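Spelled out, the chains give:
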Amino acid sequence: MTTMTSAFGSKINQLLKEWPSGVVVVSRWLKEQGISQQLADKYEKTSWLSRIGPGAFIRAGEKVAWDGGLYALQAQLQLPVHVAAKSALELLGFAHFIPLGKSPIRLFGNPGTKLPRWFNSYAWENKIQYFTPGLFFNMELGLTQKDMGNFSVQLSSPERAILEVLYLVPKQQSFEEAHLLMEGLVTLRPKLVQQLLENCKSIKVKRLFMLIAEKLNHTWLKKLSLEKVDFGKGKRSLIKEGVFNKKYQITVPKNYYAKSESLA
């Protein structure tokens, strides 16, 4: 009995050593650490683990935030899901506004990628907004890592994040805030911007990006080779009863440009 108790304690000690503080662990990861479902159930009964949903656990008595859940999706379940759009810009220090309360966390995943039930049902402090747009031909282009302390998560670089912001205009993201967010992106890397524009599937996003970039006249803009970018054909309407931009054939809010400025 003593040997069994010793082995039981040894395994949980090893588990806690391998388990980063503040993250969710899933049954698959526990199995890789030599912890069977039966043993996980015993650890739960002896108050070492707390179950937060089907096949997902946290350390007993510990609180986890959305990033600790996202870590499990990325590092343990290998799901192609990342922090995107404005949320990525906020994490990277490019947010224009100080949010009131807890900002929604916007995650993008590859088309067809579903989040596990435990992640969707858990009461995270931040509201989770999940999209699967398939915005780029190369799904991994422009992704990077952010150190969260005990672990890291994958998120969009500023170059990719602003294109994701524009994808959400106007339904989930205001045109005006998209402009303000891009206003702060004075150090974008032209080479990566070029690659992303060439890889971007959305004609609307590419036209809108260029319209705002030209309005702001950032220095990196001059280093782009726009002849390599497919801007498509035909008109695109973002805003009903807006103003039509002839160059990019897209409708923008009436108050975006002063009447004295050219829309040609």
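These lines cover the structure that appears in this document, whether it is placed above or below. Keep in mind it's a predicted model, so treat the numbers as computed, not measured. (Residues numbered from 1 in each chain as written. Predicted model: local features only at pLDDT ≥ 70, side-chain atom pairs only at ≥ 80, totals over all residues. Heavy atoms only, no water.)

Section: the packing of helix α7 (residues 158–167) against helix α10 (residues 203–216)
Selection rule: To get an axis, a line is fitted to the C-alpha atoms, and for a helix only the part in contact is used. The angle between two axes follows their N-to-C directions and goes from 0 to 180 degrees. Each helix corresponds to a stretch of at least 4 residues labelled H or I by DSSP, and each strand to a stretch of at least 2 residues labelled E; elements are numbered beginning at the N terminus. Angle categories: roughly parallel below 35 degrees, roughly antiparallel above 145, roughly perpendicular from 65 to 115, and oblique for all the rest. For any helix crossing, the convention is left-handed if the near helix is rotated counterclockwise from the far helix by under a right angle, and right-handed if that rotation is clockwise. Contacts were defined at the residue level, with two residues in contact if any of their heavy atoms lie within 4.5 Å.
Packing of α7 against α10 brings their axes to within 9 Å, and their N-to-C directions diverge by 110°. If you check the angle between α7 and α10, you find them roughly perpendicular. The way α7 lies across α10 gives a crossing that is right-handed. Of α10, the residues touching α7 (which contributes Ile 162, Leu 163, Leu 166 and Tyr 167) are Lys 204, Val 205, Leu 208, Phe 209 and Ile 212.

As for the sheet that holds strand β10 (residues 243–245)
We apply this condition: Each pair of strands is called paired provided DSSP finds at least two bridges between the two strands.
The strand order across the open sheet built from three strands is β9-β11-β10, with neighbouring strands paired in mixed fashion. Of all the strands in the sheet, the pair left with one neighbour each is β9 (236–237) and β10. Across two bridges, β9 lies against strand β11 (residues 250–252) in parallel orientation. Of the residues in β11, the one forming a bridge with Arg 236 is Ile 250.

Let's talk about the nonpolar core
Inside soluble globular proteins, nonpolar side chains tend to come together where they are buried. In plain terms, the rule: Throughout, nonpolar core names a set of buried Ala, Val, Leu, Ile, Met, Phe, Trp, Tyr and Cys residues whose side chains join them through atoms within 4.5 Å. Partly exposed residues are those whose accessible area sits between 20% and 50% of the maximum for their type, while under 20% is buried and over 50% is exposed, using a 1.4 Å probe and protein chains only.
Membership of the largest hydrophobic core comes to 81 residues, with the highest contact counts inside it found for Val 24, Trp 118, Leu 166, Phe 175, Phe 209 and Ile 212. Apart from residues lying up to four places away in sequence, Val 24 is in contact with Ile 52, Ala 56, Phe 57, Ile 58, Val 64, Gly 68, Gly 69, Ala 72, Gln 76, Trp 118 and Trp 124.

Here we look at unusual backbone geometry
Generally, phi is negative for residues other than glycine and the peptide bonds are trans, each holding for most cases. With an omega of 0°, the peptide bond running from Val 169 to Pro 170 counts as cis. On the secondary structure map, Pro 170 appears in the loop between α7 and α8 (175–183). Positioned with a positive phi, Ser 47 is a non-glycine residue whose angle comes to about 65°. Residue placement: Ser 47 occurs in the loop between α3 (37–45) and β2 (49–53). Among the residues examined, Ser 47 registers a relative accessible area of 55% and is labelled exposed.

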